[in-house]
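# Architecture and fold: a report
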Amino acid sequence: MRRSRSSKLALVVVRLSLGVLMAASAASALNLRAPVVRRPFKQVHVLNELTDNKLLHVHCHSRETDLGSHDVAVGAEYTWRFRASPLGSSRWSCDGTTDDNRRVTFESYWEDVALARREYMGNTYWVAQEDGIYLRPIQGTRDEIHATWLPAGPPTAPLPPLLH
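Conventions we followed
Residue numbers here run from 1 along each chain, matching the order of that chain's written sequence. Side-chain atom pairs in this predicted model are given and counted only at pLDDT of 80 or more, local residue features only at pLDDT of at least 70, and totals for whole chains, interfaces and linings cover all residues. Excluded from the side-chain calculation are hydrogens and water; included are all heavy atoms of the structure. Here a strand is any run of E in DSSP of at least two residues, a helix any run of H or I of at least four, and the numbering for each starts at the N terminus. Relative accessible area decides the class of each residue, using a 1.4 Å probe on protein chains only: under 20% of the type maximum gives buried, over 50% gives exposed, and in between gives partly exposed. Contacts were defined at the residue level, with two residues in contact if any of their heavy atoms lie within 4.5 Å. For accessible areas, the Shrake-Rupley method is used with a probe of radius 1.4 Å. Any residue's cover is judged against the shown protein chains and nothing else. Two strands form a pair only when DSSP identifies at least two bridges running between them. Under this scheme, a helix contributes an axis fitted over its contacting stretch, all axes are lines through C-alpha atoms, and angles between N-to-C directions fall in the 0 to 180 degree range. Two rings belonging to Phe, Tyr or Trp (six-membered ring only in the last case) form a pair when the distance between their centres is within 6.5 Å. Interplanar angles under 30 degrees mark stacking, angles over 60 mark edge-to-face geometry, and anything in between is tilted. Note on geometry: a ring has a charge over it if NZ (lysine) or CZ (arginine) is within 6 Å of the ring centre and within 35 degrees of the ring normal. In the analysis that follows, any N or O atom pair within 3.5 Å is treated as a polar contact, provided that within protein one partner can donate a hydrogen and the other can accept it, and provided that, for residues neighboring in sequence, both atoms belong to side chains.

What follows deals with the overall build of the chain. For the chain, the count of helices and strands is two helices and 10 strands. Listing each helix as α and each strand as β along the chain from the N terminus yields α-β-β-β-β-β-β-α-β-β-β-β. Across the 164 residues that make up the chain, the buried fraction comes to 28%. For the chain, restricting intrachain contacts to residue pairs at least 6 apart in sequence, the fraction spanning at least 24 positions comes to 53%. In the form shown here, the chain has an accessible surface area of approximately 11,900 Å², with 58% of it arising from carbon and sulfur atoms.

Okay, structure coming up:
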């Protein structure tokens, strides 16, 4: 009896599926697991190089993690580390304010070749100076401004409750 092309294809698919199931079953029986590949840590540094002993108040967060608010004295830094997403979707941003009522928002980490070129062994350095927030490239000659200070605005009004 002659088989049609589609029935031959269906038979091949069934045999492959059975083979995969048997291999998975054998691996499970032997307790074999694929090795977990962990991405290296990334570390972000926010340095305070403001003048006149001004504190930098910084609040950094990603979609999943809120690091809370931190006060950074002149000459000090706030640092955190994390593992970047295997999907390339890691993003961190920071809000900063100063004692003299200026504010700024800047992205402190995103997955991008241009940012990766400015990292040093997974470390990214952001510097608060009098005119804004700078990215300090490790191999560059000058800091690169990424955000400028704005005058502090009125406090944000709380959101109204959700209606059901």
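That covers the picture; the talk isn't over yet.
With respect to topology, five strands assemble into an open sheet ordered 4-1-7-8-9, the strand pairing being mixed. With partners counted over all chains shown, the strands left at the sheet margins are strand 4 (77–83) and strand 9 (144–148), one partner each. The average angle at which neighbouring strand axes cross in this sheet is 20 degrees, direction not considered.

What follows concerns the sheet that holds strand 6 (residues 102–110). In space, the five strands of this open sheet follow the order 3-2-5-6-10, with antiparallel pairing throughout. Edge positions in the sheet fall to strand 3 (66–72) and strand 10 (150–151), since each has one partner strand and no second. Pairing geometry for strand 5 (residues 91–98) and strand 6, over seven bridges, is antiparallel. Note that in strand 6 the partner of Gly 96 across the bridge is Val 104.

For the rest of this paragraph, the subject is the packing of aromatic side chains. Enumeration according to the criterion identifies six aromatic pairs in this entry. On the numbers, 5.2 Å between centres and 40 degrees between planes, the contact of Phe 82 with Trp 92 is tilted. Here Phe 82 is found in strand 4, whereas its partner Trp 92 is found in strand 5, with 10 residues between them in sequence. Using a relative accessible area of 8% as the deciding quantity, one classes Phe 82 as buried. Taken together, a centroid distance of 5.0 Å and an interplanar angle of 75 degrees make the contact between Phe 82 and Tyr 109 edge-to-face. Of this pair, Phe 82 sits in strand 4 while Tyr 109 sits in strand 6, placing them 27 residues apart in sequence. Here the guanidinium or amino end of Arg 81 rests over the ring plane of Phe 41, the centre of that ring lying 3.6 Å away.

Although it is not a glycine, Asp 52 sits at a positive phi angle of roughly 55 degrees. Assignment of secondary structure puts Asp 52 in the loop between strand 1 (41–48) and strand 2 (56–61). Taking the relative accessible area as the measure of exposure, Asp 52 reaches 68% and is therefore exposed. Of note in this structure, Asn 53 is not a glycine but carries a positive phi near 60 degrees. Tracing the backbone shows Asn 53 in the loop between strand 1 and strand 2.

To continue, consider the environment of Thr 79. Within the secondary structure, Thr 79 sits in strand 4. Sequence separation between Thr 79 and Thr 124 is 45 residues; the distance between their C-alpha atoms is 9.8 Å. Apart from the residues within four sequence positions on either side, Thr 79 is in contact with Gln 43, Val 44 and His 45. A polar contact of 3.3 Å, which involves the side chain of Thr 79, links it to the side chain of His 45. Within the local environment of Thr 79, its side chain forms a polar contact with the side chain of Glu 77, the two groups lying 2.7 Å apart.

Geometry only, nothing functional implied.
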